[in-house]
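# Breakdown of the fold
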Amino acid sequence: MNGRNRKTEAFLISTIKRRWARYFAIYFASHAGLAINCALAIKRVALTGLVGVLCMLAGVAHGLEFRFNNDSAKPLSAEQMDAVYRAAAHWEEAFSDPVTISINVGWAEPHDFSSEGILASVRLARTRVAAELVVDALLAEATAGEAGWISALPQAIPVAHSAAPLADVELSFANAKVLNIAPTYDPTYGATLEHHADASIQFNLLHEERFAYREGDISGERYDFAGVVSHELGHALGFTSVVDLQAFNGSTLLAPSLLDVFRFDPTMPGHNLTFDTRQTLPGPAEFYDASGFVSPFAFGVNAYDVKCNALFGLCSASHWRDTTDTLMTTASPGRELKLRSGDIAAVDRIGVDTKWRNGIPIIDARLKFYPLIYGLIPDYDPVAFDTKTLAPKFSDLLSPSWFADPITNVFHISFDGHAGAGFAVFKRPQTNKKIKPINFNRGENGNKEGSWEEEPQPKMLAEIPARLTEFYFETINKQYSYRFINTFSNHGSQFDPNLGPYGGFRISGYLDGNQDGDYGSSKNERRDYDASLTLLMVLTTPRDMSSNISNAEFVLYKVKDEHVQDNIAHLIDATAFAIPAGYGNSDSYDEALKDRIEKEMDDPEPGRDIAF
């Protein structure tokens, strides 16, 4: 075995050992026998290499993963964090998207909440995205049975709070990521979260003794702490509505959430996904998606509901109605909050997948930007980028409509042997002097004493982060060529200073292959999407992002040499890349990673096209 293969095998073993350590702690209570057997396998891995890995892979199907930042001024205790991990495990067991969600957790003083009765608050990082792109993203991961009625979703959403249909949808960062959309903060929703997290959950110290932290202790006047955490994670994933916020901010026209796209007036006979107005005003509403599942939503905090279990009968519209025994309803003392089939169905509909979509992990990628000055742009260097293939000449690329932007850069990119050249628009950080956050409070006439949770009022977003607003490249591989079309939010893909040692970008988009007879001629036309691709690219050296991006170099994000699951491609139409249907079939992320690395180990020519 050569040095490269030994290194690759060691990487595989290290990756799965680290991953299993976390899951062993989470699942021990409910899967004790499996945990013991595979814990013993950890000891065998050092002796038996890949043989010992198989036991661990059989017991853990890696996918959706929450990572928690518990470093606030008043962090949670070990016992409380055990409950947090237990809550996260319920979502992680139900959903398979290979996406990592970052959540801040911690205690806060009572004066940090709008009323003493509030048990918990959750702040969501939000991004605005064109509805057309969101529908495309849902179609890209739809089953054959779902594709027909998802295609019926409109490109502009008819909503009750606007006379004209709205062209945008508001997504939580977590919801955007599972849809393969790179987000940037929408300044309408306020300041950046600490750690650039996807959501922040705070618990009221006044009620620390009112929570039950262990399973089986939920009784009397104690609230289910793990259930409350799980509930807030549901909001982070996108179970949220614009209804209440629009009611608080009548003079500001807000985009609907993706969940609102499936929110209809229950008094109307039947629902048409294309033409019917979405019920985005306070009052009765129901979830409908043409699959046969229908469930009532809460009316909103501006509409009394006799069935609402909150004090004064005012329940947030970002919930199911309290007639359902589901997780996303009102918490009450002595009641265990559990993730139910209705919660899963709704979150699955907004793009968080319950079934593993065949994916191909990306294990190596490199990216370098240059100023757009012809004569000074170097040719693609296959040695530096570790590929056998060459990238096309910049002069041979299709020029997108935004190519004339004065801050366009050019770049070379490689990932797992694929060599590309393209154009990107980089925008420096911008001071935000005009866009104030909307009002998250109910106003003088609202009564908050009956609430048990809230989304706190954010500060103004001081600075719109550095970001890539466009990113396009092409390849000219031997068997096929393709184009990459980015899937960025309306504000682009933001630079995340917490990604890697020096910060980085989330690059998301679709590949349009040329072997299926459908190859677009313009970036602006509706494209043929043959694969989705996400790359987390991090700077190799420190850099001041307030200047420019010329000559900046990036590599694929890894954590202590462990592969990061977000770096992945999902095939949609294998024929577009001249490969047989079913290529790389796998039942889980871990199985796909194992297969991908074994292909690398067996590769006699490192750098050739082996990812597809």
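Owing to the predicted nature of the structure, the values given are computational and were not obtained by experimental measurement. Here the residue numbering is sequential within each chain, running from 1 through the sequence in written order. Where local features are concerned, this predicted model is filtered to residues with pLDDT of at least 70; where side-chain atom pairs are given and counted, the filter is 80 or more; whole-chain, interface and lining totals use all residues. Water and hydrogen atoms were dropped before computing side-chain values, which therefore reflect all heavy atoms in the structure.

### Let's talk about the pairing of strand β5 (residues 168–172)
The side chains of a regular strand alternate between both faces of the sheet. Rules: In this scheme, a residue with accessible area under 20% of its type's maximum is buried, one over 50% is exposed, and one in between is partly exposed, where area comes from a 1.4 Å probe on protein chains only. Numbering of helices and strands runs from the N terminus; a helix is a DSSP stretch of H or I covering at least four residues, while a strand is a stretch of E covering at least two. Strands were regarded as paired on the criterion that DSSP finds at least two bridges between them.
Across the five residues of β5, five count as buried, placing the element largely inside the fold. Note: strand β4 (residues 126–130) against β5, five bridges, orientation antiparallel. Of the residues in β5, the one forming a bridge with Thr-127 is Leu-171.

### Some words on the state of the cysteines
Where we set the bar: Note on terminology: pairs of cysteine sulfur atoms within 2.5 Å are recorded as disulfides.
This model, assessed by the stated rule, comprises one disulfide. Cys-308 shares a disulfide with Cys-315; S-S distance 1.9 Å. Residues Cys-308 and Cys-315 are joined by a disulfide whose S-S torsion is about 90°; by sign, that bridge is right-handed. We classify Cys-308 as buried; its relative accessible area is 8%.

### Structural notes on helix α8 (residues 225–237)
To keep it simple, the criterion reads: Here, expected helix span is obtained from the residue count minus one, scaled by 1.5 Å. Pairs of N or O atoms are called polar contacts if they sit within 3.5 Å, as long as, within protein, a hydrogen donor faces a hydrogen acceptor (for residues adjacent in sequence, only side-chain-to-side-chain pairs).
Between its terminal C-alpha atoms α8 stretches 19 Å, which fits the 18 Å expected from 13 residues at 1.5 Å a residue. Of all 13 residues that make up α8, 13 are buried, and the element is covered over most of its length. A distance of 3.4 Å separates the backbone nitrogen of Ala-226 from a side-chain oxygen at the start of α8, and that oxygen is part of Asp-224. Of the residues flanking the end of α8, it is Gly-238, one or two places downstream, whose phi is positive at about 125°.

### A look at the packing of helix α4 (residues 78–94) against α8
Cut-off, in case you're wondering: All axes are obtained by fitting lines to C-alpha atoms, using only the stretch in contact for helices, and the reported angles, taken between N-to-C directions, cover 0 to 180 degrees. Roughly parallel here means an angle under 35 degrees, roughly antiparallel means over 145, roughly perpendicular means 65 to 115, and every remaining angle is called oblique. By the definition used in this description, the sense in which the near helix is turned from the far one sets the handedness, with an anticlockwise turn below a right angle giving left-handed and a clockwise turn giving right-handed. Working rule for contacts: check all heavy atoms of both residues, and any pair within 4.5 Å makes them a contact.
Interhelical geometry of α4 versus α8 gives an angle of 50° and a closest axis separation of 8 Å. By the angle between their axes, α4 is oblique relative to α8. In terms of crossing hand, the pair formed by α4 and α8 is right-handed. Facing Gln-80, Ala-83, Val-84, Arg-86, Ala-87, Ala-88 and Trp-91 of α4, the residues of α8 in contact are Phe-225, Ala-226, Val-229, Ser-230, Leu-233, Gly-234 and Leu-237.

### What to know about the packing of aromatic side chains
Basically, it comes down to this: Stacked, tilted and edge-to-face pairs are distinguished by plane angle, under 30 degrees for stacked and over 60 for edge-to-face with tilted covering the rest, among Phe, Tyr and Trp rings (Trp via its six-membered ring) whose centres lie within 6.5 Å.
If you walk through the whole model with that rule in mind, you get 41 aromatic pairs. Ring geometry for Tyr-510 and Tyr-529: centres 4.1 Å apart, planes at 20°, overall stacked. Of the two residues, Tyr-510 sits in strand β22 (residues 504–513) while Tyr-529 sits in the loop between β22 and β23 (531–539), which places them 19 residues apart along the sequence. Residue classification places Tyr-510 among the buried residues on the basis of a relative accessible area of 2%.

### Regarding the environment of Gln-430
Secondary-structure assignment places Gln-430 in strand β16 (residues 430–431). For Gln-430, a relative accessible area of 37% translates into the label partly exposed. Separated by 33 residues in the primary sequence, Gln-430 and Glu-463 have C-alpha atoms spaced 5.5 Å apart. Leaving out residues up to four positions away in the same chain, Gln-430 has contacts with Ala-462, Glu-463, Ile-464 and Arg-467.

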